[in-house]
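Observations on chain architecture
Here is what each chain is made of, one letter per residue.
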Amino acid sequence: MKLVRIFFEKRDRARYISHLDITRCLSRAFARTDIPVWYTEGFNPRIYMTFALPLSLGYESGCESFDIKLTDDSFPVEEIPVRLNPVLPEGIRALRAGEPVCKAEAITQADYAIRIPDEQPEKLAEQFRAFLDQPQITVVKKTKKAERELDLKPLMQLRSLSCRDGWMEAELRLAAGIHLNVSPALVLEAFAACSGRTMDYVRVERLAILTESGADFT
């Protein structure tokens with residue numbers, strides 16, 4: 001039995017498909033191919049499928065991944081995207097497949113592009129930079145079990161900030177992974193509270209999932 005990691009993109013209208021529905025969608029797609037995927041045993045067999053860092057609803061990405069197991073070790077993994085893409089819905093596309101190099105625990109950060117429309121994007125950019133330049137950015141992070149205060153300042157890095165065609169565009173590197181995961185939504189909520197602005201429409205794209213060394217998660 002061979003473990004395989006499949007990288008895929010999620011764009012346009014597909015960004016509104018929840019993580020649970022993505023799992024169902026991929027399971028149905030595999031069922032329509034002859035890819036020899038392994039199913040769990042028991043009363044309700046399902047395809048073994050694990051995601052390294054599930055994507056938040058409404059976000060786009062070109063670097064998502066999940067692992068499956070193949071029952072036939074001789075099956076060519078490069079064939080997986082070729083056979084999977086014709087049965088995937090619009091906006092979801094398998095990019096490549098290969099044997100995993102990193103464990104999910106190796107993920108420590110992720111890059112995001114945040115785009116906000118505004119009549120005065122340059123002024124918005126100034127406010128956003130001033131927000132990030134604060135000595136401390138305290139937020140309340142909520143989980144299923146508890147709430148805790150968190151200082152975002154050491155957990156994010158501004159990679160670039162620009163304005164174009166009525167949009168402010170910021171690229172942020174945020175802490176990510178199973179131990180501590182900072183969502184762009186948390187940053188945007190804090191910025192909205194600080195600036196007094198309402199974030200009615202924002203486009204967010206995950207650009208990369210990274211290990212502690214800054215290398216791509218593979």
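Residues numbered from 1 in each chain as written. Predicted model: local features only at pLDDT ≥ 70, side-chain atom pairs only at ≥ 80, totals over all residues. Heavy atoms only, no water.

**Some details on the nonpolar core**
Heads up, the condition is: The set of buried Ala, Val, Leu, Ile, Met, Phe, Trp, Tyr and Cys residues whose side-chain atoms join them within 4.5 Å is what this entry labels a nonpolar core. Three labels apply to residues, based on accessible area from a 1.4 Å probe with only protein chains included: buried if under 20% of the type maximum, exposed if over 50%, partly exposed otherwise in between. Helix numbers and strand numbers start at the N terminus; a helix is a DSSP run of H or I with at least 4 residues, a strand a run of E with at least 2.
By size, the foremost hydrophobic cluster in this structure holds 38 residues, and its most contacted members are Phe128, Phe131, Leu152, Met156, Met168, Val182 and Val187. For this core, the elements supplying multiple residues, two or more each, are strand S5 (107-117), helix H3 (121-132), strand S8 (156-164), strand S9 (167-175), helix H4 (184-195) and strand S10 (203-211). Ile6, Ile22, Ala29 and Ala97 belong to the second-largest nonpolar core, a separate cluster that totals 26 residues.

**Here's the deal with helix H1 (residues 19-31)**
In an α-helix, one turn spans 3.6 residues; hence positions three or four apart end up facing the same way. Put simply, the test is: Helices are assigned an expected span. That span is 1.5 Å times one less than the residue count. Directions are taken from the helix axis to each C-beta atom, and the arc is the one they span.
Between its terminal C-alpha atoms H1 stretches 19 Å, which fits the 18 Å expected from 13 residues at 1.5 Å a residue. All of the buried residues in H1 are Ile22, Cys25, Leu26, Ala29 and Phe30. Axial view of H1: buried residues confined to an arc of 135 degrees, hence all on one face. Set apart from the buried face of H1 by more than 90 degrees, the exposed residues are Leu20, Arg28 and Ala31.

**Brief notes about the packing of H3 against H4**
Quick note on the threshold: Every angle, taken between N-to-C directions, lies between 0 and 180 degrees, and every axis is a line fitted to C-alpha atoms, over only the stretch in contact when it is a helix. Working definition: roughly parallel below 35 degrees, roughly antiparallel above 145 degrees, roughly perpendicular at 65 to 115 degrees, and oblique for all remaining angles. Only heavy atoms matter for contacts: two residues are in contact if any of them lie within 4.5 Å across the pair. Ten residue types, Ala, Val, Leu, Ile, Met, Phe, Trp, Tyr, Cys and Pro, are classed as nonpolar, four, Asp, Glu, Lys and Arg, as charged, and the remainder, Gly among them, as polar.
As a packed pair, H3 and H4 sit with axes 10 Å apart at the nearest point and diverge in direction by 105 degrees. On the basis of their axis angle, the class for H3 and H4 is roughly perpendicular. Each of Leu124, Gln127, Phe128 and Phe131 in H3 lies in contact with H4, whose residues at this interface are Val187, Ala190, Phe191 and Cys194. Residue classes in the contact of H3 with H4 are distributed as 7 nonpolar, 1 polar and no charged.

**So, the pattern of salt bridges**
Definition in use: By definition here, a salt bridge exists when the distance from a side-chain nitrogen of Lys or Arg to a carboxyl oxygen of Asp or Glu is within 4 Å.
Tallying each qualifying case throughout the model produces 14 salt bridges. A salt bridge links Arg5 to Asp67; the shortest N-O distance between them is 2.8 Å. Note that Arg5 is positioned in strand S1 (residues 2-10) and Asp67 in strand S3 (residues 60-70), a separation of 62 residues in sequence. The exposure class assigned to Arg5 is buried, which follows from its relative accessible area of 5%. Here Asp21 ties to Arg24 by a salt bridge, and the two come within 3.1 Å at their closest N and O atoms. Linking Asp21 with Arg24, this pair stays in helix H1, spanning 3 residues, or about one helical turn. Judged by its relative accessible area of 41%, Arg24 falls in the partly exposed class.

**What to know about the environment of Met1**
Among the structural elements, Met1 can be located in the segment before S1. Taking relative accessible area as the criterion, Met1 reaches 55% and is therefore assigned exposed. C-alpha of Met1 to C-alpha of Asp72: the two residues are 71 residues apart in sequence and 6.4 Å apart in space.

**Looking at unusual backbone geometry**
Backbone geometry at Asp12 places phi at a positive 55 degrees, although glycine is not the residue there. Counting through the fold element by element, Asp12 comes out in the loop between S1 and H1. Taking relative accessible area as the criterion, Asp12 reaches 47% and is therefore assigned partly exposed. Phi is positive for Asp165, which is not a glycine, with a value near 50 degrees. If you trace the backbone, Asp165 turns up in the loop between S8 and S9. Assessed through its relative accessible area of 72%, Asp165 is described here as exposed.

**Side note on the domain arrangement of the protein**
Applied cut-off: These domain limits were set by an automatic method or by a database of domain assignments. The buried area of a pairing is the accessible area, by a 1.4 Å probe, that goes missing from both parts when the two are put together, added over both.
Split by domain assignment, the protein resolves into domain 1 (2-100) and domain 2 (105-211). The partner domain 2 presents 15 residues to the 13 residues of domain 1 that form the contact. A buried area of about 1100 Å², summed over both sides, lies between domain 1 and domain 2, and 50% of it is on carbon and sulfur atoms. When the buried surface of domain 1 facing domain 2 is broken down by residue, Leu53, Tyr59 and Cys63 rank first, second and third, together holding 54% of it. Our count for the domain 1 to domain 2 interface comes out at 3 salt bridges.

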